[in-house]
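# Understanding the architecture of this molecule
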Amino acid sequence: MTVREILRGRMRAALEAAGLDPARADISVAADTRFGDYQSNAAMVLAKERKSNPRQLAAEILPQLDVDGISAPPEIAGAGFLNFRLDPEFLAARLAELSADPRLGIATAVRPLRIVIDFSSPNVAKPMHVGHIRSTILGDCLARVARFLGHVVVTDNHIGDWGTQFGKVIYGWKHFRDEPALARDPISELVRLYREVNRIEESDESVKRAAREELVKLQARDPENLAIWKKAVELSWSAFEKLYAMLDVRFDERLGESAYNDALAPLCDDLARRGIAGTSEGALCVFFPEIPDLAERPLIVRKSDGGFLYATTDLATIDYRVARWNPDAIWYVVGAPQALHFRQIFAAASRIGISANLAHIAFGSILGEDRKIMKTRSGENVGLAEVLDEAVARAGRLLVDRGLPPDEAGATARVIGLGAVKYAELSQNRLTDYVFSWDKLLAMEGNTAPYLMNAYVRIRSIFRKAGAEADPLAPVTVAEPAERALAIKLVQYAETVPGVVEDFRPNLLANYLYELANTFHSFYEACPVLKAEPATRASRLLLCDLTARTLAHGLSLLGIACPDRM
Ligand code: ARG
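This write-up is about the structure you can find in this document. Model, not experiment: these values are computed from the prediction.

Looking now at the overall build of the protein chain. Regarding its fold elements, the protein chain presents 21 helices and 13 strands. Counting the 566 residues in the protein chain, one finds 52% classified as buried. Long-range pairs, those at least 24 residues apart, make up 72% of the contacts in the protein chain between residues at least 6 apart in sequence. Side-chain charges in the protein chain split into 68 positive and 74 negative, and the spacing between the mean points of these groups amounts to 1 Å.

This is the structure we're talking about:
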C-alpha cells in the first residue's frame, strides 16, 4: 500500500466513525508543503453537500482520525483542509521497505486487464514523419507501464499497407524505378515514385488512368502487382524496423490494414443484414441519430462503387481483436485530427455489441521553432530518421565538449540523444502542441533527459568515490529538512506510476522524476554524504541509492536508458 492509500484508509474509517460518507475520503499530496505532506478536502466536499460549515465538520472528523505512527496529529487549515505531516520514523521504515523492494513500492494491479495497444502505425510508401514519432513513443511508454503494473498487453502495429497510393506506386515502380536508390533508401525511393506519378498525372490523363488500373489490378489480386506491393511493404517495413530498433520499441503483432482485406465484404453484409447499417445514395452507412453531434455524420463503410474505407478496416480490426484476445480495453494512440473517425468507429462498435473499453489516446502536433507544424526547409514533413540521427550527432558534440573521450562518447551519445527526443515528447501534456527545440531538449538544466541522466550519473559517481555500494540494511534516519523532502519524494514514486495509464499521461511520471532530481540536488547541497559521520553517511548513501534506482527505473518506464558517465 502506498502512503496515500494508507492515509485514505484511515480517513475512510474516520468518516465512517463520524457517521459521514466514507466515499469522500480523498487524500492528495499537499499543495503547499509548508503546511503538511498530504491533505484531505473531505470536510469541504461533505460540508458543501450538506450545506454546513467545513471547518466545523473537519473538527468533528479530527477526533475520529487514528494516524498514530504515521503522521503527527492532523491540523485543520484554510477553508477546512486536514493536513498530515508524516512521522520521521514512519518515513524511515518506508524507505527501508523500498530499499529491499525491486519494484520500489509499486504494486501490481488487483485486477489485471487484457489490453491491446494500437500505436505507431505508419503508412507504407510514405515517410514516417514526426507525427508518428509521438504515437510510437507514447504508445511504447504506455505499454511499458501497463505491463509493469501487471496487465496483459498486446502491442499491434496497424500499418497502412493497403490504400489508393499503391496504384501510383506500382505504376511508378514499373516505369521509373531506380534500383540502387531503392536498395539505399527504400522509403525515399517509394515516396519519390509516388510523387513522380502524382506530378505527371496532373498533365497526363492517360497516366492517371493507367495508375488507377494498376490499383484495380492489385485489388483483383493480379500476381505481378501483388508481388510489387509485397516487395514495397517489406522494404518499408525493414526501414521502419531500423527506427524501432534504434528506439528500442517492439511490437507483438504487425497486423496492417491489408490483413483485413478478406473480412471487409462479409463485415458489411453482416452489418446490413443485422440492420446496423443502411444504404444512402448507394453507400452503406451506419447512422447515429441518437448521438447529437454524430447525427449528421454517418459512418460510411462501403462506397457506392463498392470500395471499402479506412473505417471499414478499423471495424474489422476490432472484430478480429475481440475474437482473438477478448481484450478488456483497446487503446489507439493516434493524432487528434482523427478524433471524429474514432468517435464514429467506437459508436458503431457499440452497436455491434463490442463491450471492450475503446479509447482514443489523442495527441497534438509538434511545431518547429517558428511555431508552425515542423517542416524541412523545402517544405516537406521532417523524417523521423533524420531527427534521430541529428539527436545522436548533437549529443555526441555535447559530450566531446564536456571532455568525454570520443570512443566512449559514441555509445553514450545514442543513449542521450534518443533519450532526449523521447523525453521531450513524454514530458509534455500530449494534447498540447509542443515546440521542438534542439537547444531545449538537450539542455543540461531544466526538465530534460540530460538533466535527469546527469542526476543519476552524479549519484553513481558518489558511489565510485565511496568505493562501495550502499548498504541496503543500513538504518535510515530522516532528520534534516532536505532529507525529509527527499524521503517524501521517494515514497511518492509508487503513487505516481499508476496515474500514467489511468489518464494516459506519461508526463505525470516525467514531471515526478524532474522534481525528484531537483529535490535530490537540494539534498546534496544541504547534506554532506561522504564526509558525514558513519551512521549518517550510511543512511544518506541509502537515500542516494534509492534516488538513483528510482530515476533509472522511472526513465526505463519511459523507454529511456541511463548512461553511467556523461
Ligand atoms: N496509418 C494511420 C495514419 O498514419 C494510423 C492508423 C491508426 N490505427 C488505426 N487502427 N486506425 O494516419
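There is more to say after this.
The next thing to look at is the site of the ligand. As a structural note, the neighbourhood of the ligand is formed by Asp 118, Ser 121, Asn 123, His 132, His 158, Tyr 310, Asp 314, Tyr 332, Val 334, Gln 338 and Phe 342. In the model, an oxygen atom of the ligand is placed 3.0 Å from a nitrogen or oxygen of the His 132 side chain. Classifying every residue of the shell around the ligand gives 4 nonpolar, 5 polar and 2 charged.

By secondary structure assignment, the location of Glu 214 is in helix 9 (residues 205-219). In this structure Glu 214 comes out as buried when scored by relative accessible area, which is 9%. If we ignore the near neighbours within four places in the chain, the residues touching Glu 214 are Gly 167, Ile 170, Tyr 171, Lys 174 and Asn 225.

Read from one edge of the open sheet, 3 strands run 7-8-9, paired in antiparallel fashion. Edge strands, defined here as strands with exactly one partner in the open sheet, are strand 7 (278-280) and strand 9 (299-302). On average, each strand axis in the sheet is inclined to that of its neighbour by 50 degrees, with strand direction left out of account. Sheet topology places strand 7 next to strand 8 (residues 283-286); 3 bridges connect them, and they run antiparallel. The residue bridging Ser 280 from the neighbouring strand is Ala 283, located in strand 8. Across the sheet, helix 11 (residues 261-273) touches strand 8 and strand 9, and the angle it forms with strand 9 is around 120 degrees.

It is worth spelling out the packing of aromatic side chains at this point. Under the counting rule described, the total for this entry stands at 17 aromatic pairs. An angle of 35 degrees between the planes, with centres 4.8 Å apart, marks the rings of Phe 119 and Phe 251 as tilted. Of this pair, Phe 119 sits in the loop between strand 5 (114-118) and helix 5 (130-148) while Phe 251 sits in the loop between helix 10 (223-247) and helix 11, and the two are 132 residues apart along the sequence. Residues Trp 331 and Phe 504 carry aromatic rings whose centres are separated by 4.8 Å and whose planes lie at 75 degrees to one another, so their mutual orientation is edge-to-face. Linking Trp 331 in strand 10 (residues 329-333) with Phe 504 in the loop between helix 19 (493-502) and helix 20 (506-526), this pair joins segments that are 173 residues apart in sequence. Side by side, Trp 331 and Phe 504 carry an identical accessibility label, which is buried.

Counted according to the given criterion, the structure contains 31 salt bridges. The residue Arg 484 makes a salt bridge to Asp 37 at a minimum N-O spacing of 2.6 Å. Highlighted residues: Arg 484 in helix 18 (residues 481-491) and Asp 37 in the loop between strand 1 (28-29) and strand 2 (38-40), separated in sequence by 447 residues. Classification of Asp 37 as buried rests on a relative accessible area of 5%.

Before going further, it helps to examine unusual backbone geometry. The phi torsion at Ser 121 lies on the positive side, around 40 degrees, for a residue other than glycine. Inspection of the secondary structure assignment puts Ser 121 in the loop between strand 5 and helix 5. Its identity as a non-glycine residue notwithstanding, Arg 221 has a phi of 65 degrees, on the positive side. In this structure, Arg 221 sits in the loop between helix 9 and helix 10.

Bringing the packing of helix 15 (residues 406-426) against helix 17 (residues 449-466) into the picture now. Their axes nearest at 8 Å, the elements helix 15 and helix 17 cross at an angle of 125 degrees. When the axis of helix 15 is compared with that of helix 17, the two are oblique. Residues Val 415, Ile 416, Gly 419, Ala 420 and Tyr 423 of helix 15 touch helix 17, and the partners they reach there are Ala 449, Pro 450, Leu 452 and Met 453. Classifying every residue of the contact of helix 15 with helix 17 by side-chain character gives 8 nonpolar, 1 polar and no charged.

The rules behind these values
Here the residue index of a chain counts from 1 through its sequence in written order. Two thresholds apply to this predicted model, a pLDDT of at least 70 for residue-level local features and 80 or more for giving and counting side-chain atom pairs, whereas whole-chain, interface and lining totals are computed over all residues. Only hydrogens and water are removed before side-chain values are computed, so all heavy atoms of the structure are retained for them. Numbering goes from the N terminus for both helices and strands, where a helix is a DSSP run of H or I of at least four residues and a strand is a run of E of at least two. Each residue's exposure class comes from its accessible area (1.4 Å probe, protein chains only) as a fraction of the maximum for that residue type: buried when under 20%, exposed when over 50%, partly exposed otherwise. The contact criterion used throughout is that any non-hydrogen atoms of two residues lie within 4.5 Å. Counting rule applied: Lys, Arg positive; Asp, Glu negative; His and chain ends not counted. The location of each charge is read from NZ of Lys, CZ of Arg, CG of Asp or CD of Glu. Proximity is defined per residue: if any heavy atom of the residue lies within 4 Å of a molecule or strand, that residue is considered near it. Contacts described as polar in this section are N or O atom pairs within 3.5 Å, which, within protein, must combine one atom able to donate a hydrogen with one able to accept it, while residues neighboring in sequence count only if both atoms come from side chains. Asp, Glu, Lys and Arg are counted as charged, while Ala, Val, Leu, Ile, Met, Phe, Trp, Tyr, Cys and Pro are counted as nonpolar; the rest, among them Gly, fall into the polar class. Strand pairing requires that DSSP identify at least two bridges connecting the strands. Convention adopted: a line fitted to C-alpha atoms gives each axis, helices being fitted over their contacting stretch, and angles between N-to-C directions are expressed from 0 to 180 degrees. Any two of the Phe, Tyr and Trp rings considered here, Trp counted by its six-membered ring, make a pair once their centres fall within 6.5 Å; the pair's planes then place it as stacked at under 30 degrees, edge-to-face at over 60, or tilted in between. Salt bridges, as used here, are contacts in which a Lys or Arg side-chain nitrogen is within 4 Å of a carboxyl oxygen on Asp or Glu. Geometric relationships in this document are graded by angle, where less than 35 degrees denotes roughly parallel, more than 145 denotes roughly antiparallel, 65 to 115 denotes roughly perpendicular, and other angles denote oblique.

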